[in-house]
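# Close look at the chain arrangement
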Amino acid sequence: RDETNDLAVLKVDARNLPFATLGNSEQLLIGEWAIAIGNPLGFGGSVTAGVVSALGRALPVHAGRVVENVIQTDAALNPGNSGGALADGRARVVGINTAVAGVGLGLAVPIDDSTRRIMHALMTSGRFQRAYIGIAGGGRPLPPRVAAAVGRDHGVEVMEVVEGSPAARGGIR
């Protein structure tokens, strides 16, 4: 499992099982049909429908972590839907239901290249290893003269350096 992205891969020792086709969330459009499948409140095999309400949302999770790029849908999600499929109008799995953020506000981890890399790593080595720098920061616009010199109009402002982190050892302040 990968708690950071709220993903898990299970191995089933069986053959000739039916399976769902994985889609690509990068091809989703706002307003497109979204079908959520899961076990809300213990009611197995429930299906609800709605639309893709937004793309690229950030979902704050435990310990200050954020799951990036989640899909927002208004398909009814309830506790127990987590881990179920979010499918598009062609029945391709484009996300994994992960959170109920309010009435009419469900969120799903997208099936995209990043998620596929994580799933592959989980299947081959049992874990997904991330780079870690050890800062808290945010995007900031650069002054025009600096932007012209570096060829970019935004940078990262370091707000905090985690003690003992690679950033701290490297002298970032």
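Our structure's up above, just so we're on the same page.
Conventions adopted
- Residues numbered from 1 in each chain as written.
- Predicted model: local features only at pLDDT ≥ 70, side-chain atom pairs only at ≥ 80, totals over all residues.
- Heavy atoms only, no water.
- Helix = DSSP H or I, 4+ residues; strand = E, 2+ residues; numbered from the N terminus.
- Contact = heavy atoms within 4.5 Å.
- Areas by Shrake-Rupley, 256 points an atom, 1.4 Å probe, with all protein chains shown as cover.
- Buried < 20%, exposed > 50% of the residue type's maximum accessible area, 1.4 Å probe, protein only.
- Pairing = 2+ DSSP bridges.

## Thoughts on the overall build of the protein chain
Each helix and strand in the protein chain was counted, giving 3 helices and 8 strands. In the protein chain, the order of α-helices and β-strands from amino to carboxyl end is β-β-β-β-β-β-α-β-α-β-α. If you line up the protein chain on its principal axes, its C-alpha atoms span 55 × 35 × 25 Å. Looking at the protein chain alone, contacts between residues at least 24 apart form 47% of all its contacts between residues at least 6 apart. Summed over all atoms, the accessible surface of the protein chain reaches about 11,400 Å², with 55% contributed by carbon and sulfur.

## Overview of the pairing of strand 1 (residues 33-38)
Of the two faces of strand 1, the one lined by Ala-34, Ala-36 and Gly-38 is fully buried and the one lined by Trp-33, Ile-35 and Ile-37 carries no buried residue. Alignment of strand 1 against strand 2 (residues 46-60), held across 6 bridges, turns out to be antiparallel. Its bridge partner being in strand 2, Trp-33 is matched across the sheet by Val-51. Note that strand 1 and strand 4 (residues 85-87) share 2 bridges and pair antiparallel. Directly across from Ile-35, in strand 4, lies its bridge partner Ala-87.

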